[in-house]
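So you can see what is in the structure, the chains are spelled out below.
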Number of protein chains: 2
Amino acid sequence: MGSLDADLPVVTVDGFKPLDVDDLRKQLLLSVDFIVDYYKNVDAQPVLPQVQPGYLRHLMPAAPPPRGATLEDALRDIRLAVLPGMTNWASPNFFAYFPATLGSAALVGDFIASALNPVAFTWLSCPAATELEELVLDWLAQLLRLPPAFRSSSDSRGAGGGVIHATTSEAILCTLVAARDGAVRRAGGVPISRLVAYGSDQTHSTFAKACRIAGYDQANVRLIPTRLGSGYALVAARLRDAMAADAAAGLVPAYVCATVGTTSSTAVDPLGLIADVAAEFGAWVHVDAAYAGSACICPEFRGFLDGVERADSLSISPHKWLLTGLDCTCLWLRDRPRLAESLGTNPEYLKNEPSESGLVVDCKDLQVGVGRRFRALKLWMVLRTYGVAGLQAHIRSDVEMAQAFEGMVRADRRFEVVVPPRFALVCFRIRAWGGREAAAEADNRSLLALVNGGGRVYVTHTVLDGKYVLRFAVGSTLTEHRHVASAWELIRAKADEVLGGRPLE
Amino acid sequence: MGSLDADLPVVTVDGFKPLDVDDLRKQLLLSVDFIVDYYKNVDAQPVLPQVQPGYLRHLMPAAPPPRGATLEDALRDIRLAVLPGMTNWASPNFFAYFPATLGSAALVGDFIASALNPVAFTWLSCPAATELEELVLDWLAQLLRLPPAFRSSSDSRGAGGGVIHATTSEAILCTLVAARDGAVRRAGGVPISRLVAYGSDQTHSTFAKACRIAGYDQANVRLIPTRLGSGYALVAARLRDAMAADAAAGLVPAYVCATVGTTSSTAVDPLGLIADVAAEFGAWVHVDAAYAGSACICPEFRGFLDGVERADSLSISPHKWLLTGLDCTCLWLRDRPRLAESLGTNPEYLKNEPSESGLVVDCKDLQVGVGRRFRALKLWMVLRTYGVAGLQAHIRSDVEMAQAFEGMVRADRRFEVVVPPRFALVCFRIRAWGGREAAAEADNRSLLALVNGGGRVYVTHTVLDGKYVLRFAVGSTLTEHRHVASAWELIRAKADEVLGGRPLE
């Protein structure tokens, strides 16, 4: 390989200091300037970038730089080459997917966590990170009025507790593995290929993917159909039918993923009924409340979590709606040691007295990886700095803005709201006049292309019951009523273009 | 659940702004002050905190705060309650595990990435993040002189390329899943329980864990014994024996995890010979170079990667030795689409034109999760700001300090260097005088407890061939020669205490 890239010039430096404490303030201030500039301008920038695939290669050298550059030069490159290709999730005009929210308290907390840079795989490798994670998960559990069984503080001998993962995908994967191993043990060593996992056709795609990763047979992942009649929620009776049929066929129902707030339409599965059915078959019940779980810190939304007290695990992603910034998914379990049974390791080079004492938790045994960022700090900063009152105000403000948008849609008879909104997502579309579904799909596809085409706002779509639907998700950190109103004006104007003078039969 | 925590007071706020652009600079400056203070003082702080399990619960309220606090108050809490419980990985006196390094360019890059907070699951959801990841992986591949087959830029029709994962664990898990699915297909639908994965007894524990997660039978994970004679490297002939025996027994050799720089002693497995053996059986070869891979940016270390051109995949964690801060693991593959075959999803709500064009990469299909941090930015900042020259100087400086430490150990006849150091880790111990291994273990355990007891430095241990050994890993970002010398003085003094006046026979 010696001749490859032999043209890379050889340069050496003396006294290289990757982190010069005397110069650190000056360097960090450059990033503060960059970030403040970005936020001052983001409202005026396109949400969707106007770049073509491969754009960046034309703006940067193909080979790594032999010599270093100043931080100023590097940041200038970012302004010139990176910012123009950003999909600006921080823009107040971002209404796509679900928002990724970020409060300044989280930004400060994450910055400090990055600077401290601990690797808290065991308690001893960073007691503060491990214990702050326990504490903040218990705080949030209280705020969500989770049953005491999920909290590590309520009874020191209890088995409940949580862990912070990177994503919902990791939470689902880890609980799928624990459920899998438990089901195999209980069924006397039945092969994994006989296990079955259940969700609905609205369950996030990461569920079926996690099943594949964990070795479940793809043919044994049941995505039970839902309909508008039940608000796209999983119907417990249909789950029971599926489980009973599988059990009769000699398969082993092992895991149910229920969702509070599905991605397409924020449908809420009936947790209590699902838990009843799962209990008949001894299956693990996981509740994925990635988006809508955050709303349940408000009493008026808490009912959507009813039944969670009979679930085995629950995950919520504060990076979506609780202002923590990516990534931060909280997973609570009533029997946390079951995770460690499947995910625990004990290599010699990590052995230490506190771990052997059994008095501490080693987070590496509750997740996919060994290393882990100190994510608890930003979540703690959010709870401490905003308090319960601030966070509830934040949720309610987003819901109010979504209701305002819903009102605007309903006031225009060319449109329909496809499913009654529950949180801060509005699913709507140009109506299928005269029942012409194909035409409606074409109209709505055109509308979406026109709305997003200018880059001024970003809205995405889904398909519900075969209908092509636009999703308008309110809640980007900086979004105010005026942004929502302005987006609606744009949508109306583009609908005029799509529908032209066509008569509204 | 309504009555639970009914004592949480109800407080409301008006005009809550989680990110006030006008106040942002002031808030961010508070975190700059915090970080600069931390780094100015970290040299004088204990590396290992002097706290007991459960310490934090005594310092913070048990319930979440109803009202918000100022950022100043929140940061004061962190100083009072979090910092005293930190294991200070940033301390220049940290010699435990492998270091987690962080240059200020990475800190700046990560801060900006956190502020931009994009969720680059598809190209469209953030073209800049996706394309910068491609570019920086190609830069690093060139720096490492990886074969063109691993680079996405070398041939637009080639299948090679990379992805940034959180940890080595994720890289191993994802490649294990791709290898598993490929082996199942090739063997005509053989059950997963018949597949076998191979490493050595020095392979990181996360390998066996990833095998469990991916559904491999634990009985089919072979950790082939190594010995001092081969420098604790995997002997290819023993691998062939194991694979042949398994194949003869009707099992299917599917995956080999070779390591460049094992955790215990930085052993280097012979990649070329291992690839030859694996090829006989059609098994996937992954190279885990989490720590030592970074050193291979220097020509004098590149030989340790020889043979990688015949591997299927390679992972290196720049968060360990290449100054990027946690978390950042680079994974390169010669056939990247095989990852997507196993990990790809295509839900309606993420469908978009660029993805369907086939001209772009969607990173969600190359990892466990859907969401992902913009990790490429900090890695790009490191390469751009330090250049090849700075990074090579950084590696060489750490290796020189380790060599200096090795010299000090060798000059004291009470000690022995257990295995010749190759990178910046020195494995050493108090000798087993007269072959008394039990006494040597007790001596070295006592020595480690005394050395770490004061909190001034942090050193960890391992066991090699049954011998209890101390690991001295040089390379924390701020470590200079004087810290190494001072740590050695402490070790010598504690050895005096352990050995007392005992005669050195």
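As annotated in an unreviewed UniProt entry, chain A is Pyridoxal-dependent decarboxylase conserved domain from Musa troglodytarum. For the record of chain A, the UniProt heading Sequence similarities (unreviewed entry) holds the text "Belongs to the group II decarboxylase family."

(A) Representation of the domain arrangement of chain A in the model. All names here are of chain A. Each domain of chain A was delimited in the assignment, giving domain 1 (118-373) and domain 2 (384-499). A C-alpha centroid distance of 31 Å is found between domain 1 and domain 2. Taken together, the two surfaces of domain 1 and domain 2 that pack against each other cover about 2,300 Å², and 67% of this comes from carbon and sulfur. The largest per-residue losses of area from domain 1 upon contact with domain 2 belong to Ser264, Trp321 and Leu323, which jointly make up 27% of the total buried on that side. In this structure, the connection of domain 1 to domain 2 is made through 2 salt bridges. With a shortest N-O distance of 2.9 Å, Arg227 and Asp465 are connected by a salt bridge. Counting across the domain 1 and domain 2 interface gives 10 residue pairs in polar contact (both at pLDDT 80 or more). Elements with a contribution of two residues or more to the side of domain 1 that touches domain 2: helix H4 (127-143) and helix H9 (299-302). It is H9 that provides the largest number of residues to the side of domain 1 that touches domain 2, a total of 3 residues. For the side of domain 1 that touches domain 2, a count of residues per class yields 17 nonpolar, 8 polar and 2 charged.

(B) Broad picture of the packing of aromatic side chains. Across all of its chains, the model carries 49 aromatic pairs over all chains by this definition. Taking 6.2 Å as the distance between ring centres and 15 degrees as the angle between the ring planes, the aromatic pair formed by Phe207(A) and Tyr255(A) counts as stacked. A residue pair is termed long-range when its members are at least 10 positions apart, and Phe207(A) in helix H6 (residues 205-213) and Tyr255(A) in strand E4 (residues 252-259) qualify at 48 residues. Classification of Phe207(A) by relative accessible area gives buried; the value is 1%. Taken together, a centroid distance of 3.6 Å and an interplanar angle of 5 degrees make the contact between Phe405(B) and Phe472(B) stacked. With a gap of 67 residues between them, Phe405(B) in helix H13 (residues 376-410) and Phe472(B) in strand E11 (residues 467-473) connect regions that are remote in the sequence. Both residues of the pair, Phe405(B) and Phe472(B), belong to the buried class. Linked through ring pairs, Phe95(A), Phe405(A), Phe415(A), Phe428(A), Phe472(A) and Trp488(A) together constitute an aromatic cluster.

(C) Up close: the pattern of salt bridges. All names here are of chain B. Enumeration according to the criterion identifies 65 salt bridges over all chains in this entry. In this structure, Arg310 and Asp276 form a salt bridge, with 2.3 Å as the shortest nitrogen-oxygen distance. Taken together, the residues Arg310 in the loop between helix H9 (299-302) and strand E6 (313-316) and Asp276 in helix H8 (residues 271-281) connect sequence positions 34 residues apart. With relative accessibility at 41%, the residue Arg310 sits in the partly exposed group. Note that Asp496 and Arg414 form a salt bridge whose closest N and O atoms lie 2.5 Å from each other. Placement of the pair is Asp496 in helix H15 (residues 481-499) and Arg414 in the loop between H13 and strand E8 (415-419), with a sequence separation of 82 residues. By relative accessible area, Asp496 is classed as partly exposed at 44%.

(D) Representation of H8(B) within the structure. All names here are of chain B. If you check which residues of H8 are buried, you get Leu271, Gly272, Ile274, Ala275, Val277 and Ala278. Where H8 is buried, its residues contact helix H7 (236-248), strand E4 (252-259) and strand E5 (284-288). Phi turns positive, to about 70 degrees, at Gly282, one or two residues after H8.

(E) Region of interest: the sheet that holds strand E11 (residues 467-473) of chain A. Residues and elements named next belong to chain A. The 4 strands are arranged E8-E9-E11-E10 in an open sheet whose pairing can be described as antiparallel. The open sheet has two edge strands with one neighbour each: strand E8 (415-419) and strand E10 (460-464). Each strand axis lies, on average, 45 degrees off the axis of its neighbour in the sheet, ignoring direction. Pairing of E8 with strand E9 (residues 425-430), which is carried by 4 bridges, proceeds in the antiparallel orientation. What sits directly across from Val417, in E9, is Phe428. Across the sheet, helix H14 (residues 437-453) touches E8, E9, E10 and E11, and the angle it forms with E11 is around 30 degrees. Strand contacts of helix H15 (residues 481-499): E8, E9 and E11, with the helix running at about 20 degrees to E9, the strand carrying the most contacts.

(F) Structural detail: the relation of the copies chain A and chain B. Of the transformation superimposing chain A on chain B, the axial component is 0.0 Å and the angular component is 180 degrees, with the fit at an RMSD of 0.0 Å. The transformation relating the two chain copies, once decomposed into turn and shift, fits a two-fold axis. Of all interface residues in chain A, 100% are interface residues in chain B too; the two copies therefore contact each other through one and the same surface.

(G) Structural detail: the pairing of E11(B). All names here are of chain B. In terms of burial, E11 is largely enclosed, as 6 of its 7 residues are buried. Two strands pair when backbone bridges link them, and strand E9 (residues 425-430) and E11 are joined in this way by 4 bridges, in the antiparallel orientation. Within the sheet, the bridge partner assigned to Phe428 lies in E11 and is Leu470. In the sheet, strand E10 (residues 460-464) pairs with E11 via 5 bridges, with the strands oriented antiparallel. Bridge pairing in E11 links Leu464 to Lys467. The hairpin turn running from E10 into E11, its antiparallel successor, is 2 residues long, and Asp465 in that turn takes a positive phi close to 55 degrees.

(H) Molecular detail of helix H1 (residues 24-41) of chain B. Along its 18 residues, H1(B) runs 26 Å from first to last C-alpha, staying within 8% of the 26 Å computed at 1.5 Å per residue. Those residues of H1(B) lying buried are Leu24(B), Gln27(B), Leu28(B), Ser31(B), Val32(B), Phe34(B), Ile35(B), Val36(B), Tyr38(B) and Tyr39(B). For H1(B), the secondary structure elements touched by its buried residues are helix H1 (24-41) and helix H3 (104-116) of chain A together with helix H2 (71-82) and helix H3 (104-116) of chain B.

(I) Layout of the sheet that holds strand E5 (residues 284-288) of chain A. All names here are of chain A. Across the sheet, which stays open at both edges, the 7 strands sit in the order E1-E7-E6-E5-E4-E2-E3 with mixed pairing between neighbours. Each end of this open sheet is capped by a strand with a single partner; those strands are strand E1 (161-165) and strand E3 (221-224). Pairs of neighbouring strands in the sheet enclose a mean axial angle of 20 degrees, with direction left out of account. As judged from the 5 bridges shared by E4 and E5, these two strands associate in the parallel manner.

(J) Expanded view of the nonpolar core. Counting 315 residues, the largest nonpolar core has Tyr39(A), Trp332(A), Phe472(A), Tyr39(B), Trp332(B) and Phe472(B) as the members making the most contacts within it. Those residues within four positions of Trp332(B) in sequence are excluded, and the remaining contacts are Leu137(B), Leu140(B), Ala141(B), Leu144(B), Leu146(B), Phe150(B), Gly161(B), Gly162(B), Asp312(B), Ser313(B), Leu314(B) and Ile316(B). Cys174(A), Tyr216(A), Val221(A) and Leu366(B) belong to the second-largest nonpolar core, a separate cluster that totals 64 residues.

(K) The side chain of His165(B), seen in detail. Residue and element names in this part refer to chain B. By the secondary structure assignment, His165 is in strand E1 (residues 161-165). For His165, a relative accessible area of 0% translates into the label buried. Polar side-chain contacts of His165 include one of 2.7 Å to the backbone oxygen of Leu366. In this structure, His165 is in contact with Glu170, Ala171, Cys174, Cys328, Thr329, Leu331, Leu366, Gln367 and Arg375, ignoring residues within four places of it in sequence.

(L) Representation of unusual backbone geometry. With an omega dihedral of -10 degrees, the bond running from Leu326(A) to Asp327(A) counts as a cis peptide bond. Although it is not a glycine, Asp465(A) sits at a positive phi angle of roughly 55 degrees. Looking at the element boundaries, Asp465(A) is found in the loop between E10 and E11. Of note, Tyr232(B) is a non-glycine position whose phi angle comes to about 60 degrees, a positive value. With respect to the helices and strands, Tyr232(B) occurs in the loop between strand E3 (221-224) and H7.

(M) Highlighting the side chain of Arg338(A). Residues and elements named next belong to chain A. Tracing the backbone through its elements, the reader meets Arg338 in helix H11 (residues 337-343). For the buried Arg338, which has no salt bridge, the nearest side chain bearing the opposite charge is Asp335, at an N-O separation of 4.9 Å. Within the local environment of Arg338, its side chain forms a polar contact with the backbone oxygen of Ala178, the two atoms lying 3.4 Å apart.

What counts, and at which threshold
- Residues numbered from 1 in each chain as written.
- Chains lettered and ligands numbered in written order.
- Predicted model: local features only at pLDDT ≥ 70, side-chain atom pairs only at ≥ 80, totals over all residues.
- Heavy atoms only, no water.
- UniProt positions renumbered as here; feature names shortened; annotations may be inferred.
- Domains from an automatic or database assignment.
- Buried area = accessible area lost by both parts, 1.4 Å probe.
- Salt bridge = Lys/Arg side-chain N within 4 Å of Asp/Glu carboxyl O.
- Polar contact = N/O pair within 3.5 Å; in protein donor to acceptor, adjacent residues only side chain to side chain.
- Helix = DSSP H or I, 4+ residues; strand = E, 2+ residues; numbered from the N terminus.
- Nonpolar A, V, L, I, M, F, W, Y, C, P; charged D, E, K, R; others polar.
- Phe/Tyr/Trp six-rings, centres within 6.5 Å; stacked < 30°, edge-to-face > 60°.
- Buried < 20%, exposed > 50% of the residue type's maximum accessible area, 1.4 Å probe, protein only.
- Contact = heavy atoms within 4.5 Å.
- Pairing = 2+ DSSP bridges.
- Axes fitted to C-alpha atoms, helices over the stretch in contact; angles between N-to-C directions.
- Least-squares fit on C-alpha atoms with pLDDT ≥ 70 in both.
- Expected span 1.5 Å × (residues − 1).
- Core = buried A, V, L, I, M, F, W, Y, C linked by side-chain atoms within 4.5 Å.
- Lys, Arg positive; Asp, Glu negative; His and termini not counted.

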